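Survey of secondary and tertiary structure
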Protein chains: 2
Amino acid sequence: MDQVEAQQDLAVRAKVSKPERQDKKPKGKPAAATDTKGTADTKGISPLPFVVLISLHLHYPGLTVSRSEDLAQWYSELLTKAGIVSYYDVQDICYILEPPLIFAWEEIRTFFDAKIKTIGVRNCYYPLFITRENLEREASHVEGFAAEVAWVTHGGKSKLEKPISIRATSETAMYKDFSDKIKSHRDLPLKRNQWNNVRWEFSHCTPLLRSREFLWQEGHTCHLEKSDADAEVLQILDWYAAVYEELLAVPVVKGRKTENEQFPGALYTTTIESFIEANGRAIQAGTSHALGQNFSRMYDITVEDPSPKADGEGPKPPLHVWQNSWGLSTRSLGTMLMIHADDKGAIFPPRVAEFQVAIVPVGLTARTSEADKQKILEETKNIGRTLSEAGIRVQCDTREHYSPGWKFNEYELRGFPIRIEFGPKDAAKGVITTVRRDTGEKGTIQISDGKAMASEVQALLDKIQSEMLERARKMYQDHIKYTSNWDDVVPLLNAKNVIRMPHCGDGECAELVKKETAEICKTENMDPRAPSMGAKALCVPFDQIELQENARCTRPACGKPAVNYTQFGRSY
Amino acid sequence: MDQVEAQQDLAVRAKVSKPERQDKKPKGKPAAATDTKGTADTKGISPLPFVVLISLHLHYPGLTVSRSEDLAQWYSELLTKAGIVSYYDVQDICYILEPPLIFAWEEIRTFFDAKIKTIGVRNCYYPLFITRENLEREASHVEGFAAEVAWVTHGGKSKLEKPISIRATSETAMYKDFSDKIKSHRDLPLKRNQWNNVRWEFSHCTPLLRSREFLWQEGHTCHLEKSDADAEVLQILDWYAAVYEELLAVPVVKGRKTENEQFPGALYTTTIESFIEANGRAIQAGTSHALGQNFSRMYDITVEDPSPKADGEGPKPPLHVWQNSWGLSTRSLGTMLMIHADDKGAIFPPRVAEFQVAIVPVGLTARTSEADKQKILEETKNIGRTLSEAGIRVQCDTREHYSPGWKFNEYELRGFPIRIEFGPKDAAKGVITTVRRDTGEKGTIQISDGKAMASEVQALLDKIQSEMLERARKMYQDHIKYTSNWDDVVPLLNAKNVIRMPHCGDGECAELVKKETAEICKTENMDPRAPSMGAKALCVPFDQIELQENARCTRPACGKPAVNYTQFGRSY
Ligand SMILES: [Zn+2]
Ligand SMILES: [Zn+2]
């Protein structure tokens, strides 16, 4: 369906852009036409283009539902109409990641790759394919670890002797190899990372948030000392948090997963957790696992003990290495879009926006002389060139047959952080007009000194970046509710919050919180459309407030002493 | 077998590195020990470490065959022992691309990605999976186009309703989508590229050169005008040539494929061709195809004709867009290794070397005081830090229990462009000693001014880079032989050359050249081990010498007028 709509989108655009169409314009509203920088409803420039504009504006194929009306439909339209994702082929597994998304992912890659190189992580590439024997060896060791995988059984028309699988994560391939590679403590630490472009999962598909194929990164490291492994787990988590906060303008809560939620086979899992205000759902943003010695025992990754031998001491047993693994995926971008986009379309934070600025010439009417028009178009391009040379990513839109209003809608839909308007009135004042995508706020910047102009545009981009984060942070904080009263839990969930409550720290109890809150939802919620999902243990935040003396676990049936505040919520 | 050897490699290393081993040293050769910078055979520093060194040196698990003896075995050992590739799992499809290879590939990616962005190419990601229907639709249109693909038939334990394939190239996915996206000439040009990490082929596997899984890039573009498409084809080819020549120090010949060798469905194919002196084989290095309108007809990628209508003219037929595609893969790195490596191991050109410099402290003997030793080690690290801060990629090897000689062998095997030695004698003179991997040439650089030292090291790296290219270029040129005498062809092939000869330009004739020269090889070659492969048409070089008047096609049975010099040769 989205594909059909996308086609209509383009079809409509192609149609209205035909010059012949222009003389079929309805008349009217000439008054508003004098306002060359009107609000969204009155953008326009002169009777002729203005009317075309109105006609175009009425037909602009933007989003048809608001986020508050139907979040899922809004999200799906957002992705396709803003040119972020396209659907392809008949099955739901296949969608195309379009340039704005790939650009943002490459910014994340560049940022994170530079960070991990400072601690000696080296990139590599392990095979995508793995034989059944190796996969099953792993599956037999860690229950629940081998997720459902895709099996390749035929090559061309011939059946393969042995079917091979497309790996999900690379533990199986990597850890067998690590065992071959690590022969001495001098081979430690061994730190590897790979940037992947496939992972097969059969869960229900929501593009970027839950899907079978996506882009991601997985790091796997081996250490001689547990303390080094522990330090790395937290360092990586900090860098993941920086990816979200500094690049994506998405605030996160750092913490540790409860036992029941940690990675199978891990000693402990640290996590960053984000939050979608629109539906009050938490979303896991990235995880950094201390695997302890569980996998090194399974895969026999050992080194001789380098500590000095006491007199007469016999041979020391080999040491199992301490392992970590950590991963981040394009899900991060799905989260970013969910949080920052609005009913007009996407909003990309400047640092990951493929184009940070759209420049649109305005105020060119049928009464504008050809010479004046050319002058404005030329100057518009010069402004674009000046900004571009200063390192700002600019799209200069001097296309004819598209009205300024049409273009405004388009760049709003696509989420360019700043729109710059430039027309005869601006030229007369020697300024450009800037319009922020996130707030709609307008401003002007002098153009006389190109370098100064570029600096001011860059400063505005930086301001947008930090204000987007601050707004999102406030929004998240407003929805973190502390309680120690079990009766408050479901009402707080229903009011789209996450909850921090005293908890006993027990994994089974955390599971029961989810089960019991789900039951309460079912019995008590009056509105049959209200979600019946229970409260999942999201994390034990590193940032803890002090427990009251003798605080007990909030779940009444437990009642054991509380050991921390645990963050619970409905979750993706 | 290679994996076993790699394990032995590490096992030997681990064994000899045990401190206890040191007192089992044989005595002898103390004289050579005074030469702290001896030749490869006499590197050493004092009786104690010197003897250990000799013992280590004898056991150093380097390459066991020379390139001239057994090229295939040499190449295979090179890849595994130099840590470039590791084998994994039971089938020959699976090998691991190790960090030095990934680093070099990422340098290529960064270089080429920046180039294509200047012409507006945008990165994207199309699904890896494709349904049978879509694949077959394409196969029915272009004969020979749908190579054998891998079929996924099962997800977990359940059979898929419809099997899906893992795509080879992305034409099927992309061109169907392009047809949806392109609705107006204003949507042109459309330029997309993707960086891939899988491609499935069933041909016999030689890591990097012929394999089922590798890293590659594919660009696909659509243009309104044929002239724009043509210009892009050549621009991309120039950038591919720059990747080879500027980054990999591998010279290439630019040209156009003969009809019989061009991409199925292409209008014409341009190519860069490289050459492996060791076996006299040509190797295709990268291709840039003009697809013409063949695929746009097949996939119905059309736009309305934007040219002005004459009075009374009816509706114009839609225009089919002009398409290009172009690709480069990690095969480039296999070619680079084949050309530059030697019997001691790999040689990475500085621009793509993960580590450009290895710094090894030398001359520390049993008679060196602990204070002096610490001073040298400290200063060694300072030198490393200074170079690293200047942007040079340095590995500073102060590991104990490995002798300098052992380290020298290791860095030669791994192909670090420069080794820096630093010991008491260097410290006394205020210099570092540099040793070039490619020529073995030694030099010294003053250390008093850290910045000047780093500049000199950088200058040496630049010199190595350009001299590696010049040597390889001369080698290639020495093996390009012009002839118009059919009887010379097979002897020239047997002497490991490529041949340029007058040709009629006919694809069928080019096929017959291959067939007939193969037959001559079979009948006339005395040595049964001599290759019987015929001369394949590699390209029509852009760089042409003038044909003699009335020149005829060199293949006697043809005898048609010659239209160009075509490059023929045995090929990978
Ligand atoms: Zn409890
Ligand atoms: Zn001929």
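If you check an unreviewed UniProt entry, chain A appears there as proline--tRNA ligase from Zopfia rhizophila CBS 207.26. Of the comments in the UniProt record for chain A, the one headed Sequence similarities (unreviewed entry) reads "Belongs to the class-II aminoacyl-tRNA synthetase family." The heading Catalytic activity (unreviewed entry) in the UniProt record of chain A holds the text "tRNA(Pro) + L-proline + ATP = L-prolyl-tRNA(Pro) + AMP + diphosphate".

Observations regarding the overall build of chain A
Summing up its helical and strand segments, chain A has 15 helices and 23 strands in all. Out of the 572 residues in chain A, the part that is buried amounts to 58%. Relative to all contacts within chain A whose residues are 6 or more apart in sequence, the contacts with residues 24 or more apart total 69%. Roughly 23,500 Å² of accessible area belongs to chain A as shown, and the carbon and sulfur atoms make up 51% of that amount.

Describing the coordination of the zinc ion (ligand 2)
All names here are of chain B. Around the zinc ion (ligand 2), the protein contributes the donor atoms Cys 504 (SG), Cys 509 (SG), Cys 553 (SG) and Cys 558 (SG), at 2.2 to 2.3 Å from the metal centre. Coordination at the zinc ion (ligand 2) is tetrahedral, judged from the four donor atoms that bind it and the angles of 105 to 116° they form at the metal. Positions of the donor residues of the zinc ion (ligand 2), expressed as sequence spacing, correspond to C-x4-C-x43-C-x4-C. You can see Cys 509 sitting in helix α15 (residues 507-524) and its partner Cys 558 sitting in the loop between β22 (536-541) and β23 (564-569), a full 49 residues away along the chain. We note that Cys 509, like Cys 558, is buried.

A short note on the coordination of the zinc ion (ligand 1)
Residue and element names in this part refer to chain A. Here the zinc ion (ligand 1) is held by Cys 504 (SG), Cys 509 (SG), Cys 553 (SG) and Cys 558 (SG), and the distances to it run 2.2 to 2.3 Å. One way to put it: the four donor atoms around the zinc ion (ligand 1) meet at angles of 106 to 117°, and that makes the site tetrahedral. Read in sequence order, the donor residues coordinating the zinc ion (ligand 1) give the pattern C-x4-C-x43-C-x4-C. On the criterion of sequence distance, the pair formed by Cys 504 in the loop between β21 (498-503) and α15 (507-524) and Cys 553 in the loop between β22 (536-541) and β23 (564-569) is long-range, its members being 49 residues apart.

Some details on the packing of aromatic side chains
Applying the stated criterion across every chain yields a total of 24 aromatic pairs over all chains. Residues Tyr402(A) and Trp406(A) carry aromatic rings whose centres are separated by 6.4 Å and whose planes lie at 40° to one another, so their mutual orientation is tilted. Exposure remark for Trp406(A): the relative accessible area of 1% places this residue in the buried category. Considering the side-chain rings of Tyr482(B) and Tyr565(B), the 5.3 Å spacing of their centres and the 75° angle between planes classify their relative orientation as edge-to-face. Taken as a pair, Tyr482(B) in strand β20 (residues 480-482) and Tyr565(B) in strand β23 lie far apart in primary sequence, 83 residues in all. For Tyr482(B), a relative accessible area of 37% gives the class partly exposed.

Observations regarding the pattern of salt bridges
When charged atoms on two side chains of opposite charge get close, those side chains can pair. Under the defined criterion, the tally for this structure stands at 61 salt bridges over all chains. One salt bridge in this structure joins Arg436(A) and Glu467(A), with 2.8 Å as the shortest N-O distance. In this pair, Arg436(A) is assigned in strand β18 (residues 431-436) and Glu467(A) in helix α13 (residues 450-478), connecting sequence segments 31 residues apart. For Arg436(A), a relative accessible area of 3% corresponds to the buried category. As a salt-bridge pair, Asp438(B) and Arg471(B) come within 2.9 Å of each other at their nearest N and O atoms. Of this pair, Asp438(B) sits in the loop between β18 (431-436) and β19 (442-446) while Arg471(B) is found in helix α13 (residues 450-478), placing the two residues 33 residues apart along the sequence. Salt bridges sharing partners connect three or more residues here, namely Arg436(A), Asp438(A), Glu441(A), Lys463(A), Glu467(A) and Arg471(A).

Digging into the sheet that holds β18(A)
Residue and element names in this part refer to chain A. Taking strand neighbours across the sheet as the criterion, the five strands line up as β16-β15-β17-β18-β19 in an open arrangement whose pairing is mixed. Only two strands of the sheet have a single neighbouring strand rather than two, namely β16 (394-396) and β19 (442-446). Pairwise comparison of adjacent strand axes, ignoring direction, gives a mean angle of 25° for this sheet. Pairing of strand β15 (residues 357-361) with strand β17 (residues 418-422) involves five bridges; the strand directions are parallel.

Notes on the environment of Pro318(B)
Structurally, Pro318(B) can be placed in the loop between β12 (302-303) and β13 (319-320). When residues no more than four places from it in sequence are discounted, the contact partners of Pro318(B) are Thr302(B) and Val303(B).

Some remarks on the environment of Leu215(B)
Structurally, Leu215(B) can be placed in the loop between β7 (190-196) and β8 (216-223). It is 7.6 Å that separates the C-alpha atoms of Leu215(B) and Trp195(B), two residues lying 20 residues apart in sequence. In this structure Leu215(B) touches Tyr125(A), Leu97(B), Ile102(B), Trp105(B), Asn196(B), Asn197(B), Ser329(B) and Thr330(B), once residues within four positions along its chain are discounted.

Quick notes on the packing of helix α14 (residues 486-494) of chain A against α15(A)
Residues and elements named next belong to chain A. Where α14 meets α15, the axes come as close as 10 Å, and the angle between the chain directions of the two elements is 70°. Viewed along their axes, α14 and α15 adopt a mutual orientation that is roughly perpendicular. Every pair of crossing elements has a handedness; the one defined by α14 and α15 is right-handed. Residue-level contacts link Trp 486, Val 489 and Val 490 of α14 to Val 513, Glu 516, Thr 517, Ile 520 and Cys 521 of α15. Its residues assigned to classes, the contact of α14 with α15 shows six nonpolar, one polar and one charged.

Topic: empty space enclosed by the protein
In this structure the tally under the stated criterion is three cavities of 30 Å³ or more. What lines the largest cavity is a set of 25 residues, and nearest its centre among them are Arg109(A), Trp195(A), Arg109(B), Trp195(B) and Asn197(B). For the lining of the largest cavity, a count of residues per class yields 13 nonpolar, eight polar and four charged.

Details of the sheet that holds strand β15 (residues 357-361) of chain B
All names here are of chain B. Pairing is mixed across the open sheet formed by five strands, whose spatial order is β16-β15-β17-β18-β19. Two strands bound the open sheet, and with one partner strand each, they are β16 (394-396) and β19. Pairwise comparison of adjacent strand axes, ignoring direction, gives a mean angle of 25° for this sheet. Contacts from helix α11 (residues 404-414) reach β15, β16 and β17 (418-422), with the element oriented near 175° to β15.

Focus: helix α11 (residues 404-414) of chain A
Residue and element names in this part refer to chain A. Counting buried residues in α11 gives 10 out of 11 residues, a clear majority hidden from the surface. Of all the residues in α11, the buried ones are Pro 404, Gly 405, Trp 406, Lys 407, Phe 408, Asn 409, Glu 410, Tyr 411, Glu 412 and Leu 413. Following α11 by one or two positions, Gly 415 adopts a phi angle in the positive range, close to 80°.

Quick look at the domain arrangement of chain A
Residues and elements named next belong to chain A. Domain boundaries in chain A define domain 1 (71-307 + 316-340), domain 2 (357-462) and domain 3 (480-569). Contact with domain 1, which involves 21 residues of that partner, is made by 20 residues of domain 3. Both faces considered, domain 1 and domain 3 share a buried interface measuring about 1,500 Å² in area, 62% of it formed by carbon and sulfur atoms. Connecting domain 1 to domain 3 are one salt bridge. Lys 514 is paired through a salt bridge with Glu 261; the nearest N and O atoms lie 3.6 Å apart. Counting across the interface, domain 1 meets domain 3 through five residue pairs in polar contact (both at pLDDT 80 or more). Within the residue set of the side of domain 1 that touches domain 3, elements represented by two or more residues are α7 (226-247), β9 (253-256), β10 (268-276) and β11 (281-292). Its residues assigned to classes, the side of domain 1 that touches domain 3 comprises six nonpolar, seven polar and eight charged.

A look at the confidence of the model for chain A
All names here are of chain A. When pLDDT is averaged along chain A, the result is 85; 82% of the residues meet or exceed 70. Here residues 142-146 is a poorly scored stretch, pLDDT under 50, and it has 13 contacts once near neighbours within four places are set aside; other chains count. Here the prediction assigns the complex a pTM of 0.87, and the interface score ipTM is 0.85.

Focus on the pairing of β23(A)
Residue and element names in this part refer to chain A. Counting buried residues along β23, six of its six residues qualify, which places the element largely inside the surrounding structure. Side chains Asn 564, Thr 566 and Phe 568 project from β23 onto one buried face, and the interleaved Tyr 565, Gln 567 and Gly 569 project onto a second face that is buried too. Here β21 runs beside β23; their pairing, made up of five bridges, is antiparallel. Among the inter-strand pairings, His 503 is bridged to a residue of β23, identified as Asn 564. Pairing of β22 with β23 involves three bridges; the strand directions are antiparallel. Paired with Ala 537 across the strands is Phe 568, a residue of β23.

Conventions adopted
- Residues numbered from 1 in each chain as written.
- Chains lettered and ligands numbered in written order.
- Predicted model: local features only at pLDDT ≥ 70, side-chain atom pairs only at ≥ 80, totals over all residues.
- Heavy atoms only, no water.
- UniProt positions renumbered as here; feature names shortened; annotations may be inferred.
- Helix = DSSP H or I, 4+ residues; strand = E, 2+ residues; numbered from the N terminus.
- Buried < 20%, exposed > 50% of the residue type's maximum accessible area, 1.4 Å probe, protein only.
- Contact = heavy atoms within 4.5 Å.
- Areas by Shrake-Rupley, 256 points an atom, 1.4 Å probe, with all protein chains shown as cover.
- Donors = N, O, S within 2.8 Å, 3.2 Å for Na, K, Ca; no water.
- Tetrahedral: all angles 85-135°; square planar, octahedral: opposite > 155°, others 65-115°.
- Phe/Tyr/Trp six-rings, centres within 6.5 Å; stacked < 30°, edge-to-face > 60°.
- Salt bridge = Lys/Arg side-chain N within 4 Å of Asp/Glu carboxyl O.
- Pairing = 2+ DSSP bridges.
- Axes fitted to C-alpha atoms, helices over the stretch in contact; angles between N-to-C directions.
- Parallel < 35°, antiparallel > 145°, perpendicular 65-115°, else oblique.
- Left-handed = near helix turned anticlockwise from the far one by under 90°.
- Nonpolar A, V, L, I, M, F, W, Y, C, P; charged D, E, K, R; others polar.
- 1 Å grid on protein atoms, 1.4 Å probe; cavity = no way out; pocket = protein on both sides within 12 Å on 5 of 7 lines; lining within 4 Å.
- Points joined across faces, edges and corners; volume = space filled by probe spheres on them.
- Domains from an automatic or database assignment.
- Buried area = accessible area lost by both parts, 1.4 Å probe.
- Polar contact = N/O pair within 3.5 Å; in protein donor to acceptor, adjacent residues only side chain to side chain.
- pLDDT = per-residue confidence, 0-100.

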